[in-house]
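Residue-level structural notes
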Amino acid sequence: MSEGIDIRLEALTNPATARAPAPVLTASTAAEGISPRGTFFLETFGCQMNEHDSEKVAGVLLARGYQQVETPEAASLILYNTCSIREKAAQKVFSRLGVYRDLLGKEQRIGVLGCVAQQEGEAIFARAPWVSLVCGSASYRHLPQMLAQLEAGEQRVTGLDNDTDETFETEVTRRDNPWRAYITIIEGCDKACAYCVVPFTRGPERSRDSGRILAELRKLADAGFTEVQFLGQTVNSYLDPSPRKMRFSALLSAAAEVQGIRRVRFTTSHPRDFTSDIVEAIEAHPAICNHVHLPVQSGSTRVLRAMQRTYSRSEYLEKIAMIRGAKRPSAITTDIIVGFPGETAAEFDETLSLLDQVKYEGVFSFKYSPRPNTPAAAMPGAVPELEQSRRLALLQERQRAIQIDALRKLAGQMFEVHVDGKSKKENQWYGHSSCNRVVSFHSPATELLGQYVAVRVTGCTPNSLIGDHLQ
Ligand code: 5AD
Ligand code: SF4
């Protein structure tokens, strides 16, 4: 991970008690050999797309007769789903693989999945010959064949397709949360931002059929899920491949009308494709969450051009004005990169002034790090690490002040909170509002997990709201 501190509100969620227990075995039950195929341990790094890919990968393995265990030692197959978006990702994966080499028993196999697998490819076998499977995310649909190869004793199995127009569809997905489900609606990215490795690791943009997405959602609703999050690197660039040609905003609206679905989220939006019909859908459907994650990356038009972001500062600000001006305004969060090659002190100041102007509800900020194969990696004008750190600290300080100020003003307001968990403190619970604020609140109720409750705000911390359950 980058040294950027995550001050996006959702990052404050305490996952401790929110999760349904995954269907895992203990080391002892695994050793008793109750699974005919074997057991697997799956560890995931990175974004929500990766988390959800892992849920689908786990589904494929479970459907094949594998059982999931909670420690690598207990697994016959150890899988790492990796992320390479920022800083020394490959190095970290290799050092971790080194640790596991020493733990590996004779019968155990190890596989590397995700973005580092795609980026490093077969070079992984050369540096870590104890690895048996290297599979990028664009090849997950071939997992059953790859597992069959592994089971047949093949030592080096690869899935490194990157030029595909197919998406990863599975009948079975092992979902980690009993109320909130992810659905990937678009995979890959065609945007070619100069710093970003995603177009190389996740391949070209490909959208899923709207009919299949809605059918999956109806099934989830029937199974008791009440919140869905549509995922995509550029979720609002969704282009329905079916003859219905449903627009992204129409897909959101249709999802909001599925019986049993109380909340529809979507992330991440690209500013260029953020159109007024999305705002209108949010206005028209209370079930569509009023939170927009709209990465800006920089407040300087010159830097944005160098980043190939395809919009200027003022074009971005027009989108913000549209969202803020809605009858039902949304909370807006963003991603920012500091110290992009050539970024001057004055250009960085433009990013600070953008924070003042937009007053984001949350910011996710990073120091630029060069990624393999990307155009920015060859750009002159590297900003020294110390200066990057200075800019990052300044930015986070400025944003923290903006956030506290905004949160304080919310005292007395009511929020509907979807309850994620119970804190260790007695009668203390936490969850998210529709606008994705973390709210911790007091309630004497004995069971609230997964429920939607009304909370009146009484105070705040720098990153979250505090309140009381209104019964
Ligand atoms: N260096 C720093 N941050 C990056 N991001 C993507 N690539 C890089 C990079 N090379 C950040 C962007 C993006 C978020 C997911 O990660 O801000 O929106
Ligand atoms: Fe990367 Fe840009 Fe695509 Fe986002 S839009 S995944 S930052 S290339």
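Computed from a prediction, not measured in an experiment: that's the story for all the values here. (Residues numbered from 1 in each chain as written. Chains lettered and ligands numbered in written order. Predicted model: local features only at pLDDT ≥ 70, side-chain atom pairs only at ≥ 80, totals over all residues. Heavy atoms only, no water.)

**Points about the overall build of the chain**
Going by this rule: A run of H or I in DSSP counts as a helix once it spans at least four residues, and a run of E counts as a strand once it spans at least two, with each numbered from the N terminus. Radius of gyration here is computed from C-alpha atoms only, and the compact-globule reference equals 2.2 Å multiplied by the residue count raised to the power 0.38. Burial here depends on accessible area, computed with a 1.4 Å probe over protein chains only, as a share of the maximum for the residue type. Under 20% is buried, over 50% is exposed, and the range in between is partly exposed.
Across its full length, the chain holds 14 helices and 21 strands. Since a compact globule built from 471 residues should have a radius of gyration of about 23 Å, the 23 Å found for the chain is in line with a globular shape. A principal-axis box enclosing the C-alpha atoms of the chain has dimensions of 60 × 60 × 50 Å. A total of 471 residues make up the chain; the buried ones form 57% of that total.

**What about the confidence of the model for the chain?**
Short version of the rule: Confidence of the prediction at every residue is given by pLDDT, a number between 0 and 100. Residue contacts are counted whenever heavy atoms from the two residues lie within 4.5 Å of one another.
Averaged over every residue, the pLDDT of the chain is 89; residues scoring 70 or more account for 91%. Here residues 1-34 is a poorly scored stretch, pLDDT under 50, and it has 88 contacts once near neighbours within four places are set aside; other chains count.

**Describing the packing of helix α8 (residues 210-222) against helix α9 (residues 248-256)**
We count it as follows: Working convention: axes come from line fits to C-alpha atoms, limited for helices to the stretch in contact. Angles between N-to-C directions cover 0 to 180 degrees. Between 65 and 115 degrees an angle is taken as roughly perpendicular, under 35 as roughly parallel, over 145 as roughly antiparallel, and anywhere else as oblique. Left-handed describes a crossing whose near helix is turned anticlockwise from the far helix through less than a right angle; right-handed describes the clockwise counterpart. For this classification, the nonpolar set comprises Ala, Val, Leu, Ile, Met, Phe, Trp, Tyr, Cys and Pro, the charged set comprises Asp, Glu, Lys and Arg, and every other residue, Gly included, is treated as polar.
Contact geometry of α8 with α9 gives a least axis separation of 10 Å together with a crossing angle of 25°. As far as their axial angle goes, α9 and α8 are roughly parallel. Between α8 and α9 lies a crossing of right-handed hand. Touching Ser210, Ile213, Leu214 and Leu217 of α8 are Leu251, Ala254 and Ala255, all from α9. Class assignment of the residues belonging to the contact of α8 with α9 gives a composition of six nonpolar, one polar and no charged.

**Thoughts on the site of ligand 1**
Under the convention used in this document: Nearness is defined per residue: one heavy atom within 4 Å of the molecule or strand is enough. Think of a polar contact as two N or O atoms within 3.5 Å of one another; within protein, one of them needs to be a possible hydrogen donor and the other a possible acceptor, and neighboring residues in sequence only count if both atoms come from side chains. Each accessible area is a Shrake-Rupley result for a 1.4 Å probe, and residues are judged covered by the shown protein chains and nothing else.
Near ligand 1 the following residues occur: Ile85, Arg86, Tyr195, Gln297, Asp335, Ile337, Phe366, Lys367, Tyr368, Ser369 and Arg371. Between ligand 1 and Tyr195, the relevant distance is 3.1 Å, taken from a nitrogen atom to a main-chain nitrogen or oxygen of the residue. With respect to ligand 1, the side chain of Asp335 contributes an N or O atom lying 2.7 Å from an oxygen atom. Within the complex, the protein chains bury 88% of what would otherwise be the 410 Å² of accessible surface of ligand 1. Taken together, the elements giving at least two residues each to the shell around ligand 1 come down to β15 (331-338) and β16 (362-367). Here the shell around ligand 1 is built from residues that sort into five nonpolar, two polar and four charged.

**A short note on the packing of helix α12 (residues 313-324) against helix α13 (residues 345-358)**
Between α12 and α13, the shortest axis-to-axis distance is 11 Å and the interhelical angle comes to 15°. Our classification of the angle between α12 and α13 gives roughly parallel. For α12 against α13, the interelement crossing comes out right-handed. In this structure, α12 uses Arg313, Leu317, Ile320 and Arg324 to contact α13, whose residues at the interface are Glu350, Ser353, Leu354, Gln357 and Val358. Taken together, the residues of the contact of α12 with α13 break down into four nonpolar, two polar and three charged.

**A look at the sheet that holds strand β12 (residues 227-231)**
For clarity, the cut-off: Any two strands are treated as partners once DSSP identifies two or more bridges connecting them.
Within the open sheet, the three strands sit side by side as β9-β12-β13. Their pairing is parallel. Each edge of the sheet is formed by a strand with only one pairing partner; in this case those strands are β9 (180-184) and β13 (263-267). Within the sheet, the average angular offset between the axes of one strand and its neighbour, ignoring direction, is 20°. In this structure, β9 lies alongside β12, joined through five bridges in parallel fashion. Residue pairing in the sheet places Thr184 in a bridge with Leu231 of β12. Sitting on the sheet, α9 is in contact with β12 and β13, with an inclination near 150° to β13.

**Focus: the sheet that holds strand β18 (residues 428-433)**
Taken together, five strands build a closed barrel; the order of strands is β17-β18-β19-β21-β20 and the barrel is mixed. Neighbouring strand axes in the sheet, compared pairwise and without regard to direction, differ in orientation by 50° on average. Alignment of strand β17 (residues 414-422) against β18, held across five bridges, turns out to be antiparallel. Each bridged residue has a counterpart across the sheet, and for Val419 the counterpart in β18 is Gly431.

**Comments concerning the state of the cysteines**
Put simply, the rule is: Pairs of cysteine sulfur atoms within 2.5 Å are what we label disulfides.
Across all of its chains, the model carries zero disulfides by this definition. Looking at Cys460, it has no disulfide partner, and the nearest cysteine sulfur is the one in Cys435, 14 Å off. The class for Cys460 is partly exposed, based on a relative accessible area of 24%.

**Focus on the site of ligand 2**
All residues adjacent to ligand 2 are Cys189, Lys191, Ala192, Cys193, Tyr195, Cys196, Val198, Pro199, Gln233, Thr234, His270 and Arg309. In terms of residue class, the shell around ligand 2 is built from seven nonpolar, three polar and two charged.

**A closer look at the side chain of Thr201**
Considering the arrangement of structural elements, one finds Thr201 in helix α7 (residues 198-201). Apart from the residues within four sequence positions on either side, Thr201 is in contact with Ser84, Cys115, Gln118, Gln119, Ser137 and Asn162.

**Thoughts on the environment of Leu252**
Topologically, Leu252 is positioned in helix α9. Distance from Leu252 to Trp130, taken between C-alpha atoms, is 45 Å for residues 122 residues apart in sequence. Among residues more than four places away in sequence, those in contact with Leu252 are Phe230, Val264, Phe266, Ile278 and Ile288.

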